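What follows is the residue order along each chain.
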Amino acid sequence: MAEQVSIHGQWSSRLAFILAATGSAVGLGNIWKFPYIAGENGGGAFVLIYLGCIILIGIPIMMAETMIGRHARLNPVNAMKKLALESGARSSWKYLGLMGVVAGFLILSYYSVIAGWAMAYVVRTGAGIFEGATADGVASIFKGLISDPERLMGWHTLFMLITMLVVARGVKGGLEKAVRFLMPTLFVLLFVLVGYAMNTDSFDKGLMFLFNPDFSKINGAGVLTAMGHAFFTLSLGMGAIMVYGSYLPNNVSIAKTTFAIAAADTLVALLAGAAIFPIVFANGLEPGAGPGLIFQTLPIAFGQMPGGALFGTLFFVLLVFAAISSSISLIEPAVAWIMERFSISRGMASFWCGLVTWFIGLGTIASFNIGEEVKFFGLTFFDLLDYLTANIMLPLGGLLIALFAGWIMLADKSREALEMKEGFVFMAWRFLVRFIAPLAVFVVFLKAIKVL
Ligand code: PHE
C-alpha cells in the first residue's frame, strides 16, 4: 500500500521537519517572553520548574501530538475525530482540535503585535539611535513606540501580511526554505550577546538570578506561568505540532526528533536569559520590568559594543524571522482546517484567517496605550489573552491530548504510530502521558486556583 500523505503535502525530509518544528518552537517565547516572565517570577525557582515541565510534560506531549498528526494525516480537528472513531471513542474529541484553532488565532493576534515591536527595532538599531544611549534613553524610546497606536498598527499590519503570504505559499514553498539558515544564525548571534554579557561586571549576578533557585520567591500562580510557558515555548496544546506532524514522512523517529527540538528550544531560552540578566543588573534595571524587558536591555548592549548597530540590526532581523516561523505554525492548523471544511483555496483560507487575527490584534495594541485602563478581571486585554491562552488553553489542550494518547488510543496502536519498539523508552513515554503529565497539569491548575 502506498504511504498515506496529507493533502497539504509533506516535508521533504526528516531535517525539514526538525527545522520547521524548531522554527515553530523557537520564537518570541524564548527571547522575549521567557526572560520577562522569569524576571517577574523571581528567577531560579521559576526556571527550574519550567525545565522540569519541559522534560516531564512537554516532551511526552510533543511526542503524542506529532504521533497523532502523522498517524491521521489530517488537520487537528479532523485528526482528533478520525482517531477517536478509530479507537471506538466519541467524535466530540474534534472539539479539542477546534479549541486549538481558536487558541492559535488568539495567540497570533498578540504575537504579531510584539513581532511588530521587533520590526520597529530593526529600523531603530539600524539607524544607530542607540549608540551610547543610557538605560533611561533606551526606556524612553521604547515608551515612545508602544504609546503610539498608529505606529504599532502599521507594524502589526505588515507582520500579518508577511505571515499570510508565507502561509499562502504552503508547506514546502515558504516554510522550509526560510528556517534552514535562520536558526543557525540566530544561535551565533545569541552567543555574541552572551559574550558581551560576560564582559559586564554583573555576569555572575545575572547567572545567579537565572539558576539559583529560591522557592520562597514563587507561588501557585508562578508555577502555573512556568508550566504554561513550557507549553507555549514548545508550541504545544493547540495543534501546531500536530499539524506539522501530519506532514512528517513515516520512518522518522518521533522520539529522537522531539528531544532534539526541545533541547534546541531550551538552549535558546537559556542563552537569551544569560545575555539579558547581566545587562539588567549591570545597568541597575528591574528584572520584573515586564513585556518591554528585552527592548529596554539589549539596545543598551548594542549601543556600547563595537559594531553594535550592525549586530543589533541583525539580531532584530533574526528575531523577526524567528517570530515568522512561529506565527505560520500558529495559523496553519486553522488554515488547514478551513481549507478542508469549506473547500476553499489555501490563499483564501490564509487571507480570512489573517484578517480575523489582525482585527483581534487591535485590542492588544490599544492595551499598551489608549486602552491601558480598560481592565478585564483586573488585566489589560493583552494580559488577559496571554493568561487565557498560555496559562489555560494550552495546558488544558495538552492535558486532553495526553489523556487521548494514553487512555483512548490502544497501547499497540500508539506504539505503531510512534514507530517504536516495545521497551523502556516506549514504556516511559506511555507512563508519562497516562499519569504524570495529566496529573501534573491538574495539580498545577488546582494550586493556581488555591484549592490545594
Ligand atoms: N513556541 C512559540 C514561541 O516560543 C510560540 C507558539 C506557541 C507557536 C504555540 C505555535 C504554537 O515563540
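What comes next is a walk through the structure.

Definitions and cut-offs
Residues numbered from 1 in each chain as written. Predicted model: local features only at pLDDT ≥ 70, side-chain atom pairs only at ≥ 80, totals over all residues. Heavy atoms only, no water. Helix = DSSP H or I, 4+ residues; strand = E, 2+ residues; numbered from the N terminus. Expected span 1.5 Å × (residues − 1). Buried < 20%, exposed > 50% of the residue type's maximum accessible area, 1.4 Å probe, protein only. Core = buried A, V, L, I, M, F, W, Y, C linked by side-chain atoms within 4.5 Å. Contact = heavy atoms within 4.5 Å. 1 Å grid on protein atoms, 1.4 Å probe; cavity = no way out; pocket = protein on both sides within 12 Å on 5 of 7 lines; lining within 4 Å. Points joined across faces, edges and corners; volume = space filled by probe spheres on them. Nonpolar A, V, L, I, M, F, W, Y, C, P; charged D, E, K, R; others polar. Near = heavy atom within 4 Å. Polar contact = N/O pair within 3.5 Å; in protein donor to acceptor, adjacent residues only side chain to side chain. Sits in = over half its atoms within 2 Å of the grid points. Phe/Tyr/Trp six-rings, centres within 6.5 Å; stacked < 30°, edge-to-face > 60°. Lys NZ or Arg CZ within 6 Å of the ring centre and 35° of its normal.

### Looking at helix 5 (residues 94–126)
Reasoning step 1: In a regular helix each residue adds 1.5 Å, so 33 residues correspond to 48 Å; helix 5 covers 47 Å between its end C-alpha atoms and thus fits that length.
Reasoning step 2: Across the 33 residues that make up helix 5, a large majority, 27, are buried.
Reasoning step 3: Just downstream of helix 5 lies G128, where phi reads positive at about 75°.

### Points about the nonpolar core
Reasoning step 1: Ranked by internal contacts, the top residues of the largest apolar core, which has 168 residues, are W117, F295 and F315.
Reasoning step 2: The dominant element in this core, judged by the number of residues it contributes, is helix 5, at 19 residues.
Reasoning step 3: Filtering out sequence-adjacent residues up to four positions away, W117 remains in contact with W32, F142, L145, I146, L152, P291, F295 and F368.

### Observations concerning empty space enclosed by the protein
To find the voids left in a structure, one rolls a probe of water-molecule size over its atoms.
Reasoning step 1: In total, this model carries six cavities of 30 Å³ or more according to the counting rule given.
Reasoning step 2: For the largest cavity, the calculated volume is near 150 Å³.
Reasoning step 3: Residue lining of the largest cavity: 17 residues in total, with S24, Y111, F232, S235 and L330 positioned closest to the centre.
Reasoning step 4: Of all the secondary structure elements, the ones that give two or more residues to the lining of the largest cavity are helix 1 (14–25), helix 2 (28–40), helix 5, helix 10 (220–233) and helix 14 (308–342).
Reasoning step 5: Split by residue class, the lining of the largest cavity holds ten nonpolar, seven polar and no charged.
Reasoning step 6: Of the volumes computed, that of the second largest cavity is approximately 40 Å³.
Reasoning step 7: Taken together, P76, M80, L96, G97, G100, G237, M238, G239, M242 and I401 make up the full set of residues lining the second largest cavity.
Reasoning step 8: If one sorts the elements of the lining of the second largest cavity by residue count, helix 5 sits on top with three residues.

### What about the site of the ligand?
Reasoning step 1: Near the ligand there are 15 residues, and of these A25, G29, Y111, F232 and S235 occur at the shortest range.
Reasoning step 2: One of the backbone nitrogen or oxygen atoms of A25 is found 2.9 Å away from an oxygen atom of the ligand.
Reasoning step 3: A distance of 3.2 Å separates an oxygen atom of the ligand from a polar atom in the backbone of L28.
Reasoning step 4: Because more than half of its atoms lie within 2 Å of the grid, the ligand is assigned to the largest cavity.
Reasoning step 5: Elements that contribute at least two residues to the shell around the ligand include exactly helix 1, helix 2, helix 10 and helix 14.
Reasoning step 6: Partitioned by chemical class, the residues of the shell around the ligand number seven nonpolar, eight polar and no charged.

### A word on the side chain of S329
Reasoning step 1: Among the secondary structure elements, S329 is positioned in helix 14.
Reasoning step 2: A polar contact of 2.7 Å, which involves the side chain of S329, links it to the backbone oxygen of S326.
Reasoning step 3: If sequence neighbours within four positions are ignored, S329 has contacts with S24, M238, A240 and Y244.

### A short note on the packing of aromatic side chains
Reasoning step 1: On inspection of all chains with the given rule, the structure shows 26 aromatic pairs.
Reasoning step 2: Consider the rings of F368 and F382, whose centres lie 5.2 Å apart with planes at 40°: the pair is tilted. Of this pair, F368 sits in the loop between helix 15 (346–367) and helix 16 (381–408) while F382 is found in helix 16, placing the two residues 14 residues apart along the sequence.
Reasoning step 3: In this structure F368 comes out as buried when scored by relative accessible area, which is 10%.
Reasoning step 4: Ring centres 5.4 Å apart and planes at 45° place the aromatic pair F431 and F435 in the tilted group. Placement of both F431 and F435 in helix 18 (residues 424–448) is noted, with a separation of four residues, approximately one turn of the helix.
Reasoning step 5: For F431, a relative accessible area of 46% gives the class partly exposed.
Reasoning step 6: The exposure class of F435 is partly exposed, given its relative accessible area of 38%.
Reasoning step 7: Lying across the ring of F232, K33 places its NZ or CZ 4.3 Å from the centre.

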